[in-house]
Amino acid sequence: MTVIARGSQSVRLRSADICAEFAVLAADVFRLRVAHAQAFSPRPSWAVVQTNWPAVPTTISVAARRLQVRTAAGTFSLDRRTGALRVDDPAGLEVFSTPAAGLGFAGAVASTEFNLAAGESLFGLGETTGPFNKRGLIRELWNIDVLGHAPAIHPGLRSLYVSVPFLISLREGRAAGVFWDNPARQVWDLGCTRPDRLRVTADAGEIDLYLFLGPTLPDIVGRFTELTGRMPLPPRWALGYHQSRYSYESRRQLEQIAREFRRRRLPCDALYLDIHHLDGHRVFTFGKSFPRPAQMLRRLARQGFRVVTIVDPGVKDDPRFGVLRRGRAADAFVKSPDGKHDFLGEVWPGRARFPDFFNAKVRAWWGREQARLQRLGVAGFWNDMNEPANFGRPDKTLDPRCRHRTDHGPARHADIHSVYGSAMARASREGALAARPDERPFIISRAGYAGLQRHALVWTGDNSSCWEHLADSLQLLLNLSLSGVPFCGSDVGGFLDHCTGELLARWTQMAAFTPFFRNHANLGTRAQEPWAFGPEVEAICRRYIEMRYQLLPYLYGRFVEAHRRGTPIVRPLAWHHQNDPVAVACADQFLLGADLLVAPVMRPGATARSVYLPAGNWFEVWTGNAYYGRQHVVARADLATLPLFARAGALLPMIEVQQFTGEKRSETVNLHVWPGGPGVLDWFEDDGHSLAFERGEFHERHILFRSRQRGGELRFGAAQGGFASKVKRWRVIVRAAQRDHRLTVNGRRRAGEWVPEAGIYAWEVANEPAEIVARWW
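Every value quoted in this text rests on a predicted model; they were computed, and no experiment measured them.

Calculation rules
Residues numbered from 1 in each chain as written. Predicted model: local features only at pLDDT ≥ 70, side-chain atom pairs only at ≥ 80, totals over all residues. Heavy atoms only, no water. Axes fitted to C-alpha atoms, helices over the stretch in contact; angles between N-to-C directions. Helix = DSSP H or I, 4+ residues; strand = E, 2+ residues; numbered from the N terminus. Parallel < 35°, antiparallel > 145°, perpendicular 65-115°, else oblique. Contact = heavy atoms within 4.5 Å. Nonpolar A, V, L, I, M, F, W, Y, C, P; charged D, E, K, R; others polar. Buried < 20%, exposed > 50% of the residue type's maximum accessible area, 1.4 Å probe, protein only. Pairing = 2+ DSSP bridges. Core = buried A, V, L, I, M, F, W, Y, C linked by side-chain atoms within 4.5 Å. Polar contact = N/O pair within 3.5 Å; in protein donor to acceptor, adjacent residues only side chain to side chain. 1 Å grid on protein atoms, 1.4 Å probe; cavity = no way out; pocket = protein on both sides within 12 Å on 5 of 7 lines; lining within 4 Å. Points joined across faces, edges and corners; volume = space filled by probe spheres on them. Arc of directions from axis to C-beta. Phe/Tyr/Trp six-rings, centres within 6.5 Å; stacked < 30°, edge-to-face > 60°.

> I tried to follow the packing of helix H8 (residues 467-482) against helix H9 (residues 501-511) on my own but got confused; where do I start?
Each pair of packed helices gets described by two things: the angle between the helix axes and the distance between those axes. Where H8 contacts H9, the axes come no closer than 11 Å and their chain directions differ by 10°. Taken together, the axes of H8 and H9 lie roughly parallel to each other. Two secondary-structure elements touch here, H8 through Trp467, His469, Leu470, Ser473 and Leu474 and H9 through Glu502, Leu503, Arg506, Trp507 and Met510. Tallied by class, the residues present in the contact of H8 with H9 amount to six nonpolar, two polar and two charged.

This is the structure in structure tokens:
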């Protein structure tokens, strides 16, 4: 290939039928773009939001046979004769390499190949079934409507609802990432056909690769979310427990469910309305079984319940239907292959048209329709069937030849199919903000593409009430989290088939520590509300739902971290221990933040389970028993007990149980200090519902813990931000305390309380905005 242009950060090459460009975006982020043409497409990406990168020191050298680009983080080399490329780290260790002619085209189909090392693990790709480590699989990135996707039900299933063509590799403790930004149908052969090769094909479009050099998982995901955007901070009520069913079919039934939650003292923040609340499945309506919806929503709000309604994209083709009439007047629908008529498909309303959400005018029209529900009091929108699903074709989606009129020009559906869900979520979020500019929207999406996290959370779709899918849901959430989508969850108890009391108890235990916590069940299945299986299971569910509400300050802090840095809320053990091969391979445990290790029980009849504790010291939360890390331990796991461990050095803020977020002001925070290691907590507080935090209206303080041989030091940094904290006092509770201590707060002697039978040493301190330093010995 011939070098035709060279800059300080990039170099462009061309051959007879190929153009290519290599660019340095950051010292540890490279971009390689190849087109089967003499010029690149001018269309911007649907995923990428960061396009202005500051220049970094870069050395480019061009020789007869080799092109080399060097930064502080790595070196890119291209053999100009064979087309083989390689990326090395500063020590000369290989990060990526391709065989000769590893990138190319066969007609419209683009392909890339990378060499795989022995023992290399592969993670990410958004939402795909199968094991946590995707090595050895073939997965297809093309969003589909699938009913029941547990591996035992569909062992050969290659696609799901969310396609993120971003892969993370771990080899010998070093992480790297690759993102192929191309929303056409992709097939990823992850060492299945050839164990030593990763081969990826796309049906159309360019090869547009972003290479992330790491070397740590936080480096990779941080850069990827810098590129594609980070999740917005949700309203605080979104972190509570949510209850759903397909369907609560009448106002009377929904209000009865609400009464049961409050009567039984089971905390709950949101109730959901599936398609049976609609008038003949017409989007943005209420049917006759839900009379006076505004009154109903006001009454539920007074009890502390928000209501979230399902919103499908298919608009019923009924000339009397106002949404359709206004949509046709706005020319808002996807066109048939000839480009002259609206495409007609079939979904729940029967014959339907599909909004062209890739167009700003269409998104604005959709937002105006959605605002009618906001004015009634609907609190959030649940985007379903947005792959998009279409019952009228064997492939259950739109004709791939359908025409879109996007913000960036015309496009075939096949070329942007997997972005449709993201575009709908974008319309929902933009519409919610247009109607209420200072309120945080709550949007859920079943489908999407890279960057979906900017608009919506993801739930993992129509899972099943089986133990296999309880296990599969964890790897789905971990891989979504590694793919830049930290706000995610699965249907608690499973959607399809009949749940059992034991399965509901175990699923509730696990989900209480995941970002999105919603129980949802299918039409015709047995009830699976927390009380549905009798007093024993109800009590177990209550215990873990209550613990969720007690831990909300800690959980909210993890959401703030995800919003600011893209950090996953739930993390595989490898996130903090990528040099530990046992931690890397661990797929049935997870970390909530850095400080809580959760080991869910995923088999029926269990009374104990093996738990791997990575490096460091750990405490079993229920007993206070201490353990050294880098070992497996047998943890008690009777039906009422979820194995749960706190890291030595953990700072875990907890508040009193509430029946819904904001029920009462939490003036006392119990700060649980687990000794034996260093700890840090970034406390964050705001009004929990508005965007005022973006204007500095928050209360934040950095809290540090240092463990000493005979005690410790706890330092509350000075408060930052313009929000007046609602906390009046901190009650510091040192766990695993074996004796009484002497205590000073800001140099003055204070009295603490030692409770030998509980193994705690505790004291209270007023929440003054100035720095507070407590020492005990």
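> Quick question: what am I supposed to make of the pairing of strand E51 (residues 760-766) here?
Every regular strand shows the same layout, with side chains that alternate between the two sheet faces. The element E51 is extensively covered by neighbouring structure, given that five of its seven residues are classed as buried. Pairing of strand E47 (residues 729-735) with E51, which is carried by seven bridges, proceeds in the antiparallel orientation. What sits directly across from Arg735, in E51, is Ile760. Here strand E50 (residues 753-755) runs beside E51; their pairing, made up of three bridges, is antiparallel. Residue pairing in the sheet places Val755 in a bridge with Ile760 of E51.

> Looking at this model, I keep getting lost on the sheet that holds strand E24 (residues 350-353). Mind explaining?
Adjacent strands of a sheet pair through backbone hydrogen bonds, lying either parallel or antiparallel. One open sheet accounts for three strands, arranged E22-E24-E23; its pairing is antiparallel. Each edge of the open sheet carries a strand with a single partner, namely strand E22 (315-316) and strand E23 (344-347). Where E23 and E24 come together, four bridges link them in antiparallel fashion. Bridging across to E24, Glu346 finds its partner in Arg351.

> Honestly, the environment of Glu468 in this entry has me stumped. Any pointers?
Along the polypeptide, Glu468 turns up in helix H8. As a C-alpha pair, Glu468 and Met602 span 134 residues in sequence and 7.8 Å in three-dimensional space.

> I tried to follow the nonpolar core on my own but got confused; where do I start?
Phe179, Trp366, Phe442, Phe513 and Leu714 are the most contacted members of the largest nonpolar core, which totals 187 residues. Among the elements that line this core, the one with the most residues is H8, at eight residues. Discounting residues that sit within four places of it in the chain, Leu714 has contacts with Leu651, Leu671, Val673, Ile703, Leu704, Phe705, Val732, Ile772, Val773, Ala774 and Trp776. With 41 residues, the next largest nonpolar core counts Ala20, Leu67, Leu122 and Ala176 among its residues.

> What exactly am I supposed to notice about the environment of Val755 here?
When you line up the elements, Val755 lands in strand E50. Note on Val755: relative accessible area 17%, which makes it buried. Taking the C-alpha atoms as reference points, Val755 and Arg739, separated by 16 residues in sequence, lie 8.7 Å from one another.

> What should I look at first to understand the side chain of His404 in this one?
Mapped onto the elements, His404 comes out in strand E26 (residues 403-406). Among the polar contacts made by the side chain of His404, one reaches the side chain of Asp356 at a distance of 2.9 Å. If near-sequence neighbours (up to four positions away) are discounted, His404 is found in contact with Val334, Asp356, Phe358, Gly409, Pro410, Ala411, Arg412, His413, Ile416 and Tyr420.

> Looking at this structure, how should I read empty space enclosed by the protein?
Over the atoms rolls a probe the size of a water molecule, and in doing so it shows where empty space is left. Tallied over the full model, the rule gives four cavities of 30 Å³ or more. If you trace the largest cavity, you find 13 residues lining it, with Pro232, Ile443, Ala456, Leu457 and Phe487 closest to the centre. Residue classes in the lining of the largest cavity are distributed as ten nonpolar, two polar and one charged.

> Can you help me understand helix H3 (residues 293-302) in this one?
One turn of the α-helix equals 3.6 residues, which is why residues spaced by three or four share an orientation. Within H3, the full set of buried residues consists of Pro293, Met296, Leu297 and Leu300. The buried residues of H3 occupy an angular sector of 95° when projected down its axis, which confines them to one face. The secondary structure elements touched by the buried residues of H3 are helix H2 (251-263), strand E20 (270-273), strand E21 (306-311) and helix H5 (360-376). Just beyond H3, the residue with positive phi is Gly304, at close to 90°.

> How should I be thinking about the layout of surface pockets in this particular structure?
As a volume, the largest pocket reaches approximately 820 Å³. What lines the largest pocket is a set of 35 residues, among which Arg33, Arg43, Pro44, Ser45 and Asp208 lie closest to the centre. Secondary-structure elements contributing two or more residues to the lining of the largest pocket are strand E3 (19-26), strand E4 (29-35), strand E18 (207-212) and helix H6 (413-416). Looking at the lining of the largest pocket, the element that brings in the most residues is E3, giving four residues. Taken together, the residues that form the lining of the largest pocket break down as 17 nonpolar, ten polar and eight charged. As a volume, the second largest pocket reaches approximately 580 Å³. Around the second largest pocket, the lining is made up of 26 residues, and of these Arg236, Gly662, Lys664, Asp686 and Asp687 lie nearest the centre. Sort the elements by how many residues they give to the lining of the second largest pocket and strand E44 (residues 679-685) lands first, with three residues. Class assignment of the residues belonging to the lining of the second largest pocket gives a composition of eleven nonpolar, six polar and nine charged.

> Explain the packing of aromatic side chains here, please?
What characterises a pair of aromatic rings is the spacing of the ring centres plus the angle enclosed by the ring planes. In total, this model carries 39 aromatic pairs according to the counting rule given. Geometrically, the ring pair formed by Trp46 and Phe358 is edge-to-face, given 5.1 Å between the ring centres and 70° between the ring planes. With a gap of 312 residues between them, Trp46 in the loop between E4 and strand E5 (59-62) and Phe358 in the loop between E24 and H5 connect regions that are remote in the sequence. Taking relative accessible area as the criterion, Phe358 reaches 1% and is therefore assigned buried. A ring pair is formed by Phe96 and Phe114, whose centres lie 5.9 Å apart and whose planes are at 55°; its orientation type is tilted. Within this pair, whereas Phe96 is found in strand E9 (residues 94-97), its partner Phe114 is found in strand E11 (residues 109-115), the two being separated by 18 residues in sequence.

> I would appreciate a short explanation of the sheet that holds strand E19 (residues 241-243) in the present structure.
One open sheet holds the nine strands; their spatial order is E31-E30-E28-E25-E21-E20-E19-E33-E32, and the pairing between them is parallel. Where the open sheet ends on each side, the last strands, each with one partner, are strand E31 (488-489) and strand E32 (491-492). In the packing of H2 onto the sheet, contacts are made with E19 and E20, and the angle to E20 comes to roughly 160°. The sheet strands contacting helix H7 (residues 420-435) are E21, strand E25 (380-383) and strand E28 (443-445), and the helix crosses E28 at an angle near 170°.

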